[in-house]
Amino acid sequence: MREGQPSTIYLRDYTPPTYDVLSLELSFDLGEDYTRVNNEAVYQRRDPSTTTLELMGEQLVLISIAINDRVLAPHEYVVSDTGLSLFNFPERAKLTIVTEIYPQKNTSLEGLYQSSGNFCTQCEAQGFRKITYYPDRPDVMTVFTTRITADKVKYPVLLSNGNLVEQGTLADGRHWARWLDPFPKPSYLFALVAGNLLHVEDHYTTTSGRVVVLRIYTEPHNIDKCDHAMQSLKRAMYWDEQRFGLEYDLDIYMIVAVDDFNMGAMENKGLNVFNSKLVFASPETATDFDYISIESVIGHEYFHNWTGNRVTCRDWFQLSLKEGLTVFRDQEFTADLHSRPVERIESVRTLRTSQFAEDASPMAHPIRPSSYMEINNFYTMTVYEKGAEVVRLYQTLLGREGFRKGMDLYFQRHDGQAVTTEDFLAAMADANQVNLSQLQHWYDQAGTPEVTVSLDYDAATQTCTLHLSQTCPPTPEASTKQAFLIPIELGLLASDGREIPLQLQGSTAPAANAMVLRLEQAHQVFSFNHVPEKPVPSLLRNFSAPVRLHFDYTEAELIFLMRHDQDAFNRWDAGQRLAMLTFKRLLSDLSSDEPLGLEHEFVSAWQAVLTDESLDVALRAEALTLPSEADIAEVNRPADPSAIHTVREFVHTTLAKTLRLDFEACYASLQDHGTYQIDAVSMGRRRLRNICLAYLGRLRESSINSLCVKQYADANNMTDSLAALSVLVDIDCPERTKALQHFHDRWQNDTLVMDKWFSLQATSSLPNTLEHVKQLMQHHLFDMRNPNKVRALIGSFTQRNPLHFHAPDGSGYQFLTECVLELNALNPQIASRMVRPLMNWRHYESKPAAFMREQLERIKAHEGLSPDVFEIVSKSLAA
Ligand code: 7MK
Ligand code: ZN
């Protein structure tokens with residue numbers, strides 16, 4: 001733990017490296033007590049005004065240091081907690097540093113550590129400095145050679161980046177391997193793996209005819225669950241060639257699955273390391289959601305090979321340069337392979353639920369932040385998901401072809417470089433010969449812009465006028481904002497549901513059914529000619545910008561859009577808006593002690609979606625999914641979590657009671673026989689069927705409990721068994737206990753499936769859930785050092801169980817505090833992720849807000865608080 005308050009790093013303080021690294025030879029001697037790291041690098045001065053070489057290093061034991069083979073005396077360098085300084089360093093010299101590290105004691109899962117007895121690394125963002133002294137910054141790139149020596153029996157497999165060039169056996173039962181990665185790379189892309197692993201192998205032939213060996217390494221007991229990941233990898237390789245003309249560049253691509261991992265996965269050059277939950281899949285153990293996530297993350301890490309590795313970031317403020325772009329690419333990959341509208345709806349749902357909340361929090365930051373204390377805290381929904389939306393803006397403005405031209409120019413200019421988001425913007429603008437400079441505000445300003453639209457219709461002149469205005473709430477980095485460039489895709493619907501051709505006043509372009517308006521100023525007016533009747537506008541189609549759009553729709557207009565909008569995204573969104581209006585009304589009725597009731601029109605709109613068999617099943621499933629309690633809380637501030645729970649349950653239950661026959665019929669019609677398939681239609685059918693079951697579960701009838709038991713027992717796949725169990729888990733009945741026990745007994749030897757068992761119970765609405773979660777923390781399979789377990793049990797409770805997390809007595813907050821303090825000492829990154837549900841305390845009513853704040857104060861006062869947690873709690877408490 002560091003002493004004192006962590007300091008803030010500013011983008012404006014960026015200076016280029018003073019020395020380049022011409023080459024790097026690493027050599028690891030992996031042991032049971034310690035690991036010895038030999039680091040031999042050739043440094044070349046770049047900045048003539050300095051002779052000091054500064055290297056970063058943390059938690060290292062320095063054994064020796066030599067310049068051009070001359071061992072230095074202690075007075076020739078200065079070692080601190082964070083690095084090593086060498087004065088009067090030559091213009092060019094070989095520097096050899098030997099250090100010792102203790103991977104077996106490393107619970108932070110950053111740097112070199114052990115998982116299930118195997119060695120692995122995680123270096124992004126700044127883990128490499130826990131391995132050796134080095135200029136651990138992304139703009140220092142070099143060719144890495146890695147030699148690994150280890151016990152041959154315990155660690156038969158020795159892997160690093162690039163190609164295996166040599167290997168051999170030693171006399172003492174040890175062996176070694178030497179890897180060479182020919183592509184210069186920053187240290188954050190370094191990886192080493194050593195262990196008792198098996199692999200599956202396949203091949204991929206690139207368009208230009210190069211054969212690439214593909215391998216997935218795992219512990220022996222999971223070797224039969226790698227097929228989906230392998231197929232996904234091949235699909236990703238093919239897609240990137242087709243859509244972006246990008247081929248893989250090494251002879252081998254390796255993926256290693258590990259159980260203990262802080263994040264989802266990591267794109268280390270030629271040697272990805274993955275959280276095992278994003279690799280292993282079989283119908284019995286993985287849900288449809290897992291299958292899609294695996295494919296998308298395999299794609300994401302693969303796509304980084306060009307957007308991240310070949311072209312990397314100049315500094316960590318530029319994180320969204322690679323992450324926003326790569327998320328955009330993985331979203332497009334999923335959209336092309338499955339259903340484009342379903343993908344869009346899912347991405348926007350995540351953005352609205354999590355990123356909008358972050359943008360309204362004390363941690364709000366632009367996608368390119370201008371300062372940070374701990375960079376690990378900036379792997380956020382904003383940098384990733386909003387970053388992807390900002391990349392999408394270019395495609396919306398330039399079209400797919402224009403976007404591709406921009407990508408081509410970006411690679412042509414910057415291959416092998418470490419660059420900035422400005423370089424990306426410039427490539428897009430130059431390739432298309434347009435001025436995109438106003439897009440820069442999206443990189444520098446935080447907060448979710450609000451766009452308000454109103455419509456005038458003049459029957460005499462057949463003119464329809466849209467008045468658009470934009471504002472953006474104040475955020476920590478700026479209280480007033482420059483206007484954003486906001487593309488608004490729209491259509492105008494006539495009363496028969498057809499689109500009215502759009503003829504923009506002052507434009508010579510031929511009329512089109514849909515178009516993209518450019519909102520560039522605080523207020524702007526657009527008029528359309530030849531509009532025969534007052535239309536219903538379909539605004540922000542396909543969610544063309546990450547904004548909150550306000551238009552005063554009547555309920556009838558929303559129901560009309562649900563039926564008629566040609567844009568599938570907006571059809572879905574109309575339903576969500578309608579539900580939100582309804583929740584708002586019910587919340588107000590509840591607070592004035594009015595009886596709750598649902599309007600007939602609302603119920604029949606839901607019925608229309610449920611019963612219209614001409615509609616896509618997956619889209620019906622999306623449409624029938626009510627906004628979450630967290631979504632409702634975000635737009636009904638100050639939020640009262642228990643009132644929100646009550647009204648959402650009321651709507652859910654009332655729909656179930658009123659449309660019972662339809663839910664039953666739909667459920668029955670979607671029964672699939674035969675083998676499990678993961679195509680879009682089969683997944684959509686399961687999804688819709690399980691949503692019907694969830695509604696029916698609200699009836700609280702024993703026949704429904706039996707139906708759940710039957711589905712659980714009959715299911716040939718995890719999607720259906722888990723769906724049945726998740727209905728039962730909210731019902732206090734003997735079937736619940738029995739099914740949970742059965743699930744436990746069946747899956748207790750599969751740690752990933754047991755995560756689902758923990759998670760399920762943590763999200764239960766039954767009264768004693770917190771007590772139960774505490775008991776489950778004593779279960780022999782629960783482990784605070786394993787991030788998946790922490791997320792499954794504690795994370796599910798605090799992030800997906802608002803009813804109990806926000807218990808009026810503050811017990812949920814207190815529980816989280818205790819967990820955070822325990823995690824703080826073990827794994828600061830995970831502690832800092834877990835503390836976030838307390839961050840938006842100001843969005844709640846005064847009583848819960850006071851309780852949340854009290855816990856934040858308690859954490860802040862804790863001795864030995866990590867910089868990771870400190871940054872979040874101190875910013876949350878700041879005025
Ligand atoms: C995704 C960084 C890595 C949060 C979400 C990922 C991380 C954190 C995967 C780790 C990634 N570079 O590929 O973005
Ligand atoms: Zn990434």
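Criteria and thresholds
- Residues numbered from 1 in each chain as written.
- Chains lettered and ligands numbered in written order.
- Predicted model: local features only at pLDDT ≥ 70, side-chain atom pairs only at ≥ 80, totals over all residues.
- Heavy atoms only, no water.
- Helix = DSSP H or I, 4+ residues; strand = E, 2+ residues; numbered from the N terminus.
- Rg over C-alpha atoms; globule rule 2.2 N^0.38 Å.
- Buried < 20%, exposed > 50% of the residue type's maximum accessible area, 1.4 Å probe, protein only.
- Lys, Arg positive; Asp, Glu negative; His and termini not counted.
- Charge placed at Lys NZ, Arg CZ, Asp CG, Glu CD.
- Axes fitted to C-alpha atoms, helices over the stretch in contact; angles between N-to-C directions.
- Left-handed = near helix turned anticlockwise from the far one by under 90°.
- Contact = heavy atoms within 4.5 Å.
- Nonpolar A, V, L, I, M, F, W, Y, C, P; charged D, E, K, R; others polar.
- Pairing = 2+ DSSP bridges.
- Near = heavy atom within 4 Å.
- Polar contact = N/O pair within 3.5 Å; in protein donor to acceptor, adjacent residues only side chain to side chain.
- Areas by Shrake-Rupley, 256 points an atom, 1.4 Å probe, with all protein chains shown as cover.
- Patch = residues over 30% accessible without salt bridge, like charges linked within 9 Å, V, L, I, M, F, W, Y side chains within 5 Å.
- Salt bridge = Lys/Arg side-chain N within 4 Å of Asp/Glu carboxyl O.
- Core = buried A, V, L, I, M, F, W, Y, C linked by side-chain atoms within 4.5 Å.
- Disulfide = S-S within 2.5 Å.
- Expected span 1.5 Å × (residues − 1).

K.L.:
What exactly am I supposed to notice about the overall build of the protein chain here?
P.N.:
Looking only at helices and strands, one finds 26 helices and 32 strands in the protein chain. Radius of gyration (C-alpha) of the protein chain: 28 Å, near the 29 Å computed for a compact globule of 879 residues. Buried positions account for 60% of the 879 residues belonging to the protein chain. Considering the protein chain, the positive charge centre built from 81 side chains and the negative charge centre built from 114 side chains are found 1 Å apart.

K.L.:
Just checking my understanding: could you explain the packing of helix α11 (residues 617–624) against helix α15 (residues 680–697) for this structure?
P.N.:
Helix-helix packing is characterised by the crossing angle of the two axes and by the distance between the axes. At a closest axis distance of 7 Å, the pairing of α11 and α15 adopts a crossing angle of 30°. Crossing angle aside, the handedness with which α11 passes α15 is left-handed. Between α11, through V617, A618, R620, A621, E622 and L624, and α15, the contact on the second element is made entirely by V681, G684, R685, R687, L688, I691 and Y695. Residue composition of the contact of α11 with α15, by class: eight nonpolar, one polar and four charged.

K.L.:
Teacher, can you tell me more about the pairing of strand β26 (residues 463–471) here?
P.N.:
Two faces belong to every sheet, and in a regular strand the side chains alternate between them. For β26, the tally of buried residues reaches seven of nine residues, placing the bulk of the element in the interior. The pairing of strand β25 (residues 450–458) with β26 spans nine bridges and is antiparallel. When the sheet's bridge partners are listed, Y457 is paired in β26 with C464. The turn linking β25 back onto β26 is made up of four residues, and Q462 within it adopts a positive phi angle of 55°. Looking at chain direction, β26 and strand β30 (residues 523–529) are connected through six bridges and run antiparallel. Paired with L466 across the strands is F526, a residue of β30.

K.L.:
In this structure, what is going on with the environment of W572? I would like to understand it.
P.N.:
Structurally, W572 is set in helix α9 (residues 568–591). W572 sits in the buried class, given a relative accessible area of 4%. With 47 residues separating them along the chain, W572 and L619 place their C-alpha atoms 7.6 Å apart. If sequence neighbours within four positions are ignored, W572 has contacts with I345, R349, R352, E622 and A623.

K.L.:
How do you make sense of the site of ligand 1 when you look at a structure like this?
P.N.:
Around ligand 1, the neighbouring residues are E124, M263, A265, M266, E267, H300, E301, H304, K322, E323, Y379 and Y384. Between a nitrogen atom of ligand 1 and a side-chain N or O atom of E124, the distance comes to 2.6 Å. Here Y384 contributes a side-chain N or O atom positioned 2.6 Å from an oxygen atom of ligand 1. A total of 330 Å² of accessible area belongs to ligand 1 in isolation, and the protein chains cover 84% of it. Elements supplying a minimum of two residues to the shell around ligand 1: β20 (265–266), α2 (288–303) and α3 (319–337). Looking at side-chain class alone, the shell around ligand 1 contains five nonpolar, two polar and five charged residues.

K.L.:
Can you help me understand the sheet that holds strand β8 (residues 83–86) in this one?
P.N.:
Strand pairs in the sheet, formed through backbone hydrogen bonds, run parallel or antiparallel to each other. If you walk across this open sheet you meet the three strands as β4-β8-β7, and the pairing is antiparallel. Two strands lie at the open edges of the sheet, namely β4 (53–56) and β7 (77–79), each paired on one side alone. Neighbour-to-neighbour, the strand axes of the sheet open up by a mean angle of 15°, direction not taken into account. Where β7 lies against β8, three bridges are found, and the strand directions are antiparallel. Of the residues in β8, the one forming a bridge with V78 is S85.

K.L.:
How should the sheet that holds strand β21 (residues 271–275) be read in this particular structure?
P.N.:
Pairing within the open sheet is mixed, and its five strands lie in the order β17-β18-β19-β21-β20. Lying at the two open borders of the sheet, with one neighbouring strand each, are β17 (198–205) and β20. As paired strands, strand β19 (residues 252–258) and β21 are joined by five bridges and run parallel to one another. Of the residues in β21, the one forming a bridge with V258 is N275. Of the strands in this sheet, β17, β18 (211–218) and β19 touch helix α1 (residues 227–244), which is tilted by about 25° from β17.

K.L.:
I keep staring at a nonpolar patch on the surface and nothing clicks. Help me out?
P.N.:
Together, Y34, V61, I63 and Y102 line one region of the surface with nonpolar side chains, adding up to about 320 Å² of accessible area. Topologically, Y34 is positioned in the loop between β2 (19–29) and β3 (35–45). Residue classification places Y34 among the partly exposed positions, given a relative accessible area of 36%.

K.L.:
How do you make sense of unusual backbone geometry when you look at a structure like this?
P.N.:
Backbone geometry follows two general trends: most residues other than glycine have a negative phi, and most peptide bonds adopt the trans configuration. A cis geometry characterises the amide bond from E124 onward to A125, with omega recorded as 0°. Within the secondary structure, A125 sits in the loop between β11 (118–122) and β12 (142–151). Of note in this structure, Q462 is not a glycine but carries a positive phi near 55°. Here Q462 shows up in the loop between β25 and β26. Of the residues examined, Q462 reaches a relative accessible area of 32% and is grouped as partly exposed. Even without being a glycine, L540 presents a positive backbone phi close to 55°.

K.L.:
What is the right way to look at the nonpolar core in this model?
P.N.:
The nonpolar side chains of soluble globular proteins are, as a tendency, buried together. Grouped together as the largest cluster of nonpolar side chains are 285 residues, with contacts concentrated most on F528 and W606. Examining the composition of this core, we find that 14 residues originate from one element, helix α5 (residues 381–414), more than from any other. Sequence-distant contacts of F528, defined by excluding residues within four places in its chain, comprise Q462, T463, C464, L466, L490, L492, L502, Q503, L504, Q505, M515 and L517.

K.L.:
How should I be thinking about the pattern of salt bridges in this particular structure?
P.N.:
One side chain can pair with another of opposite charge once the charged atoms of both are near each other. All chains considered together, the criterion is met by 63 salt bridges. Salt-bridge contacts for E267 lead to K322; the nearest nitrogen and oxygen are separated by 2.8 Å. Placement of the pair is E267 in the loop between β20 and β21 and K322 in helix α3, with a sequence separation of 55 residues. Taken individually, E267 and K322 each receive the classification buried, so the pair is uniform in this respect.

K.L.:
What's the story with the pairing of β17 in this structure? I'm lost.
P.N.:
Bridge count between β17 and β18: eight bridges; the pairing is antiparallel. Residue pairing for β18: H203 is matched across the bridge by V213. The hairpin turn running from β17 into β18, its antiparallel successor, is five residues long, and G209 in that turn takes a positive phi close to 95°.

K.L.:
Explain the packing of α3 against helix α4 (residues 340–359) here, please?
P.N.:
At a minimum axis separation of 7 Å, α3 and α4 run at an interaxial angle of 145°. The residues of α4 that touch α3, namely those facing Q331, E332, T334, A335 and D336, are R340, E343, R344 and S347. In the contact of α3 with α4, the residues fall into one nonpolar, three polar and five charged.

K.L.:
For this particular structure, what's the right way to read helix α17 (residues 718–728)?
P.N.:
Three- or four-residue spacings in an α-helix give side chains the same orientation, since the helix completes a turn every 3.6 residues. Across the eleven residues that make up α17, a large majority, ten, are buried. One side-chain oxygen of the residue at the start of α17 lies 3.1 Å from the amide nitrogen of T719, identifying that residue as N717.

K.L.:
How should the side chain of T149 be read in this particular structure?
P.N.:
Along the chain, T149 turns up in strand β12. Among the residues examined, T149 registers a relative accessible area of 9% and is labelled buried.

K.L.:
Is there a simple way to think about the side chain of N717 in this case?
P.N.:
Mapping N717 onto the fold places it in the loop between α16 (702–714) and α17. A polar atom in the side chain of N717 sits 2.8 Å from the backbone nitrogen of D720. N717 has contacts with P283, Y676 and R686, leaving out every residue within four places of it along the chain.

K.L.:
Explain the state of the cysteines to me, please; I cannot follow it from the model alone.
P.N.:
Covalently bonding the sulfur atom of one cysteine to the sulfur atom of another cysteine gives a disulfide. Applying the stated criterion to the full structure yields zero disulfides. The thiol of C120 is not disulfide-bonded; the next cysteine sulfur, from C123, is found 10 Å away.

K.L.:
Which parts of the structure should I look at to understand helix α19 (residues 751–762)?
P.N.:
Here α19 is twelve residues long and its end C-alpha atoms lie 17 Å apart, about the 16 Å a rise of 1.5 Å per residue gives. With respect to burial, α19 is a largely interior element, eleven of its twelve residues being buried. By the burial criterion, the buried members of α19 are L752, V753, M754, D755, K756, W757, F758, S759, L760, Q761 and A762. Residues of α19 that are buried make contact with α2, α17, α18 (734–747), α20 (769–776) and α21 (787–800). Measuring from the backbone nitrogen of L752 back to the side-chain oxygen at the start of α19 gives 3.2 Å, which picks out D750 as the cap.

What is shown is where atoms sit, not what they do.
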